[in-house]
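These are the residues of each chain, in order.
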Amino acid sequence: MQEQTSKALSNFEGKPNEVIPMLQAVQDETGYLPEEAIRDIADLIGIPESKVYGTATFYSQFYFSPRGKHSIKVCLGTACHVRGGMQVMDALERELGIKAGETTADFKFNLERVNCVGSCALAPVVMVGDNVFGRLVPKQAKEVLEKSDPEV
Amino acid sequence: MYEKHIMICGATGCLSSGSNQIAEALKEELEKQGIKDKYRLVMGGCPGFCEVGPIIVIYPDEVFYCRLKTKDMAELVEQHLIGGEIVERLLYKGPDVEAPARFYDTIPFYSKQKFNVLRNSGIIDPESIDEYIMRGGYRALKRALQMDPQAICDEVKDAGLRGRGGAGFPTGLKWGFTNKAPGDKKYIVCNADEGDPGAFMDRSILEGDPHAILEGMLIAGRACGADEGYIYCRAEYPLAIRRLKTAIQQAEEYGLLGTNILDSGFNFKMNIKEGAGAFVCGEETALLASIEGKRGMPRPRPPFPAQVGVFGKPTTINNVETLANIPLIVREGGAEEFKKVGTEGSKGTKVFALAGKVRNTGLVEGPMGITIEEIIFDVGGGIQGGREFKAVQAGGPSGGCIPQDLINLPIDYDSLTKAGAIMGSGGLVVMDDRTCMVDLAKYFLSFTQKESCGKCTPCREGTKRMLEILERISEGEGIPEDLDTLDSLAHSIKDSSLCGLGQTCPNPVLTTIRYFRHEYEEHINENYCRSGICKPLFQYVIDQENCNGCRACVRVCPVDAIEGEKKEPHEIDQELCTRCGSCIEKCRFDCIMITRVGSEADVGN
Ligand code: FES
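All of the points below concern the structure found in this document. Quantities reported herein were computed from a predicted structural model and do not represent experimental measurements.

1. Looking at the pairing of strand 8 (residues 266-274) of chain B
Two faces, one strand: in a regular strand the side chains alternate between the faces of the sheet.
Residue and element names in this part refer to chain B.
Then, in step 1: Judged from the 6 bridges that link them, strand 6 (residues 228-233) and strand 8 form a sheet pairing that is parallel. What sits directly across from Gly229, in strand 8, is Met270.
Then, in step 2: Sheet topology note: the strand 7 (residues 258-261)/strand 8 ladder contains 2 bridges and is antiparallel. Within strand 8, the position partnered with Ile261 by the bridge is Phe266.
Then, in step 3: Counting the residues in the hairpin turn of strand 7 and strand 8 gives 4 residues, including Leu262, whose phi is positive at 50°.

In structure tokens, the structure reads:
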């Protein structure tokens, strides 16, 4: 983990306006922001850890604990909302036995709500990795999971 | 030389309908036939008609193929490319055309559109600076470099361009402020942090025509006396970011970015900043804080960014679509052309993201002043499934809903504001009789409530209280006084919030109460949601007289709540039913009814 963090941070000079790009670089490497990474960034820039943490928690992009192998992103942007995105979310929650924002116990999936992935024409939409599943009905929840992980 | 150019839509909408696979299949087919060198394949920008994706347009024949599948490629190659005959089967067909339509001008979706900002999207290869230049690109920059900076500001002001990101402030005037602000170091910032959930026009412009943004920023830089720019782009748009990076690199190679641009002594450096997910960063001062690496919180104005902006220096912030208009205006005679389109107070065109319950979803560019009816019915082809048009939400969470009776409203800054909505980003979400207005208001408010940065009390606490009331109403716990409370809270929040997020977020609630008060009252007084959305306030029942027992609903129900033998009327187990609506969507015989909870007989109302 430490190695990955140092690698991610090796290209930065340590200027205060680099906080967000640094956090992004670390998360790209490790999938979330481990505590040590926050400390390393603070040290590198020479500001308190609380400042870095404060910035990180402000933005919805950052995660502070390990996440599932597949991120199920359910779009609840306006177009998806009026075309029944919430119903699809409900069905996925039922199928996985977790709520939006949680990760399954086996770390296979985490379920997330997102706002507009730009495929409004296909609403309601679910994204898993680069795969977009469009025009979904609740019944297809299982199919989405099966297609995303062959072992389901 | 290529015989033909084949433009495959490589924008997000079509990619998700599988345009990458189409491109692969086409390539394979061309290779198989040994003719791959004759054709140029381009993954291009968005032609707008996402509904019928994936789309391929073949030039110079100007043939528009849509709803393509990988298995169609063999036929397309053999019949069209080799045989020279159009594949009629793959042309656009719909209830709005008599015969299959061949190109833009014969497809109704495009008939009322006017392309300014999207002029290159889907026509050029977004990764080729040469194609951009061939279409007249960077000519406006050349002209601007020979002009006096103030004269550029005046020209843009005179053209009547207003900011496309929300409030509609005159762009030339804004530039003038930065130009006049004292200081040698100034910045141009492009706001590409498109946050309105349900709008994606900025993304399409960035992906389809990135050089237009660079040129716009360069001209802005010249006009404002700035020599450095930041493009603040949502991290969720990786393709846009990649295309921008490519464009910057190409412009540098061509001497259009960097030092002494086109030998004029003008320098400009371009940076890209990835946003990290915060709606409030669409607000100028919050965006600046985020570029500086801080929490994206807005601050009171004045001082305005034109005086004290990013890193404390004078800064102009323009949105993507605004900047994409600039090269058109600043080129020779462009301002006059630009002015010819639009209304008195709103000149030019606007790009709309048309989505929701409309038949033709996609990206639409129309002249300012185009009416709601024209957009939804002429361009949009009417409501999906022939249902009834109820309202359209304009301007996202900061905007408002416009009801069916205002269908003739022209869409321009002033008319929308008068109706209680705003132009905002240009998102248009169409709703039919199966959309509940209370739920819609609740949806937007829960969005803004989550995104409120928490700095000022009215927005942080006020939205929370409003949301609680709306939640109660949608659960059947509303009381008659709620509407007045909502109204007074909304006005206090509007009047006293620090930034645009708070000042506009009550709009969806205010407009839905203004135009759909009876729906709120029905929820509160009669515990009934006639649209079938607020789950505790309705139930589905099957019309026992008319159900013919086709079992379509049984099959689609995700919780097996529907029982019934084939050819016998079915029945819904109310205990098991989760009110997901799958069955009502599925039933072709209109036999599933929304009724009040507990009522069997009182079908339909
Ligand atoms: S609202 Fe879901 S993709 Fe746009």
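2. Details of the interface of chain B and chain A
A common measure of how large an interface is: the accessible area buried when the components associate.
Then, in step 1: Counting residues at the interface gives 42 residues for chain B and 36 residues for chain A.
Then, in step 2: At the level of secondary structure, the elements contributing two or more residues to the side of chain B that touches chain A comprise helix 1 (12-16), helix 12 (284-291), strand 10 (349-356) and strand 14 (427-432) of chain B.
Then, in step 3: A class-by-class count of the residues in the side of chain B that touches chain A yields 15 nonpolar, 20 polar and 7 charged.

3. Concerning unusual backbone geometry
A negative phi angle characterises most non-glycine residues, just as the trans form characterises most peptide bonds.
Residues and elements named next belong to chain B.
Then, in step 1: A cis amide bond, omega -10°, links Gly53 with the succeeding residue Pro54.
Then, in step 2: Looking at the element boundaries, Pro54 is found in the loop between strand 2 (39-44) and strand 3 (56-59).
Then, in step 3: Following Arg301, the chain continues into Pro302 via a peptide bond in cis, with omega recorded as -5°.
Then, in step 4: Among the structural elements, Pro302 can be located in the loop between helix 12 and strand 9 (315-319).
Then, in step 5: Phi at Asp263 takes a positive value of approximately 60°, unusual for a residue other than glycine.
Then, in step 6: Here Asp263 shows up in the loop between strand 7 and strand 8.
Then, in step 7: Under the C-beta neighbour-count criterion, Asp263 is labelled exposed, with 8 such atoms within 10 Å.
Then, in step 8: The phi torsion at Lys567 lies on the positive side, around 65°, for a residue other than glycine.
Then, in step 9: Tracing the chain through its elements places Lys567 in the loop between strand 16 (562-563) and strand 17 (571-572).

4. Quick word on the sheet that holds strand 12 (residues 389-394) of chain B
Backbone hydrogen bonds hold the strands of a sheet together, and the pairing may be parallel or antiparallel.
All names here are of chain B.
Then, in step 1: Pairing within the open sheet is mixed, and its 5 strands lie in the order 11-10-14-12-13. With partners counted over all chains shown, the strands left at the sheet margins are strand 11 (362-367) and strand 13 (400-403), one partner each. Neighbour-to-neighbour, the strand axes of this sheet turn through a mean angle of 30°, independent of strand direction.
Then, in step 2: Judged from the 4 bridges that link them, strand 12 and strand 13 form a sheet pairing that is antiparallel. Paired with Ala394 across the bridge in strand 13 is Gly400.
Then, in step 3: Where helix 21 (residues 507-526) meets the sheet, it contacts strand 12 and strand 13, and its direction lies at approximately 25° from that of strand 13.

5. Examining the packing of helix 2 (residues 19-33) of chain B against helix 3 (residues 73-82) of chain B
Residue and element names in this part refer to chain B.
Then, in step 1: For the pair helix 2 and helix 3, the least separation of the axes is 9 Å and the interaxial angle reads 55°. With respect to each other, helix 2 and helix 3 are oriented oblique. In this structure, helix 2 crosses over helix 3, and the sense of that crossing is right-handed. Contacts from Ile22, Ala25, Leu26, Glu29, Leu30 and Gln33 in helix 2 reach Met73, Ala74, Val77 and Ile82 in helix 3.
Then, in step 2: Looking at side-chain class alone, the contact of helix 2 with helix 3 contains 8 nonpolar, 1 polar and 1 charged residues.

6. Focus on the nonpolar core
Then, in step 1: Membership of the largest hydrophobic core comes to 234 residues, with the highest contact counts inside it found for Val125 and Val126 of chain A together with Ile55, Ile219, Ala353 and Val392 of chain B.
Then, in step 2: Looking at this core, the element that brings in the most residues is helix 10 (residues 210-224) of chain B, giving 9 residues.
Then, in step 3: Non-local contacts of Ala353 of chain B, meaning those with residues more than four positions away in its chain, are made with Cys120 of chain A together with Gly198, Ala199, Phe200, Met201, Leu363, Gly426, Gly427 and Leu428 of chain B.

Criteria and thresholds
Residues numbered from 1 in each chain as written. Chains lettered and ligands numbered in written order. Predicted model: local features only at pLDDT ≥ 70, side-chain atom pairs only at ≥ 80, totals over all residues. Pairing = 2+ DSSP bridges. Helix = DSSP H or I, 4+ residues; strand = E, 2+ residues; numbered from the N terminus. Contact = placed C-beta atoms within 7 Å. Nonpolar A, V, L, I, M, F, W, Y, C, P; charged D, E, K, R; others polar. Buried ≥ 20, exposed ≤ 12 C-beta atoms within 10 Å, placed from the backbone. Axes fitted to C-alpha atoms, helices over the stretch in contact; angles between N-to-C directions. Parallel < 35°, antiparallel > 145°, perpendicular 65-115°, else oblique. Left-handed = near helix turned anticlockwise from the far one by under 90°. Core = buried A, V, L, I, M, F, W, Y, C linked by C-beta atoms within 7 Å.

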